[in-house]
Amino acid sequence: MSKQILIVDDEKEIVNLIDISLQNEGFTTLKAYDGEEALEILKENSVHLIILDIMMPKKNGLEFCQLVRQHDNTPILMLSAKSEDMDKITGLMTGADDYMAKPFNLLEMMVRVKALLRRAYYFNHQPLQEDSEMVRLGELTINRKTYSTTVGEEKINLTSKEFEILYLLATHLGQVFNSEEIFRSVWKEKYYEANNTVMVHISNLRDKLEKTLGYKVIHTIWGVGYKIEG
């Protein structure tokens, strides 16, 4: 069955270019030109991935993304004419899975689209137990007995706390943990509200995982916490 992709952008020329490229790759497409129209389409259709512009009328991409993430984990590739780091960070923190700055290369977009779909739908996650010594997430292997994390033969060097955070999330796929829950579980100490320890460790852990894997493993649920998709 062909994967269906929703394209949301107020620039019709860009929508048409993306549409043609996706259909040439065998995907089916739906098109919307503002956030409100896109939300209505999602109510009536099954969508496997969303390509979403940030700057749009009626409801912008960030608002749309926040609303979608309240009840849906569909992969989102966010687009923006802005290339500043803060714009990228904001997009990802609202729940986007990947980001591209305009103007972009259509071939690169296809690579990213296929990578997002592969991660979301083609990896077979094995059933996990909290006391599992070995956890596998696609090509990632987490071995609690040896405190090692590998991709194939390549080892990812994690600190003990980074490993424990990864293990906690990996053994509770789909469950969202806030900073206090992660801190209490991993550090086993009292949590203080202004404590940024978890955020820093999550950031370092993400960098190490994404550098090796080339894609996001740990997702931020804006205003709630962190999880690994089930």
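Computed from a prediction, not measured in an experiment: that's the story for all the values here.

Draft legend 1. Structural context of the packing of helix H2 (residues 35-44) against helix H3 (residues 61-69). Contact geometry of H2 with H3 gives a least axis separation of 9 Å together with a crossing angle of 25 degrees. Looking at the two axes, H2 sits roughly parallel to H3. Along this stretch, H2 crosses H3, giving a crossing that reads as right-handed. Here H2 contributes Gly35, Ala38, Leu39 and Leu42 to the contact with H3, which in turn contributes Phe64, Leu67 and Val68. Looking at the contact of H2 with H3, its residues break down into six nonpolar, one polar and no charged.

Draft legend 2. Representation of the packing of helix H6 (residues 160-170) against helix H8 (residues 197-213) in the model. Where H6 contacts H8, the axes come no closer than 10 Å and their chain directions differ by 80 degrees. Relative to H8, H6 is oriented roughly perpendicular. Facing H6, whose interface residues are Lys161, Glu162, Ile165 and Leu166, H8 presents His201, Ile202, Asn204, Leu205, Lys208 and Leu209. Its residues assigned to classes, the contact of H6 with H8 shows five nonpolar, two polar and three charged.

Draft legend 3. Just the environment of Ile51, in detail. With respect to the element layout, Ile51 can be found in strand E3 (residues 49-53). Excluding residues within four positions of it along the chain, Ile51 makes contact with Ile5, Leu6, Ile7, Val8, Ile18, Leu22, Leu77, Leu79, Met109 and Val113.

Draft legend 4. Quick peek at the pairing of strand E2 (residues 28-32). Relative to E2, strand E1 (residues 4-8) runs parallel, the two sharing five bridges. Each bridged residue has a counterpart across the sheet, and for Leu6 the counterpart in E2 is Leu30. Handedness of the E1-helix H1 (residues 12-24)-E2 crossover: right-handed.

Draft legend 5. Up close: the confidence of the model for the protein chain. On average, the protein chain scores 84 in pLDDT, and the residues at 70 or more come to 87%. Low pLDDT, under 50, characterises residues 123-131; the predicted model gives this stretch 22 contacts beyond four residues in sequence or across chains.

Draft legend 6. Representation of the packing of aromatic side chains within the structure. For the structure shown, the criterion picks out three aromatic pairs. With centroids separated by 6.3 Å and ring planes inclined at 15 degrees, the aromatic side chains of Phe163 and Tyr167 adopt a geometry described as stacked. Here Tyr167 and Phe163 lie together in helix H6, a separation of four residues that amounts to about one turn. Each member of the pair, Phe163 as well as Tyr167, is classed as buried. Ring-pair connections join several aromatic residues into one group, and the members of that group are Tyr147, Phe163 and Tyr167. If you follow Lys12 out to its NZ or CZ, it ends over the ring of Tyr33, 5.2 Å from the centre.

Criteria and thresholds
- Residues numbered from 1 in each chain as written.
- Predicted model: local features only at pLDDT ≥ 70, side-chain atom pairs only at ≥ 80, totals over all residues.
- Heavy atoms only, no water.
- Axes fitted to C-alpha atoms, helices over the stretch in contact; angles between N-to-C directions.
- Helix = DSSP H or I, 4+ residues; strand = E, 2+ residues; numbered from the N terminus.
- Parallel < 35°, antiparallel > 145°, perpendicular 65-115°, else oblique.
- Left-handed = near helix turned anticlockwise from the far one by under 90°.
- Contact = heavy atoms within 4.5 Å.
- Nonpolar A, V, L, I, M, F, W, Y, C, P; charged D, E, K, R; others polar.
- Pairing = 2+ DSSP bridges.
- Right-handed = clockwise from strand over helix to strand, strands pointing away.
- pLDDT = per-residue confidence, 0-100.
- Phe/Tyr/Trp six-rings, centres within 6.5 Å; stacked < 30°, edge-to-face > 60°.
- Buried < 20%, exposed > 50% of the residue type's maximum accessible area, 1.4 Å probe, protein only.
- Lys NZ or Arg CZ within 6 Å of the ring centre and 35° of its normal.

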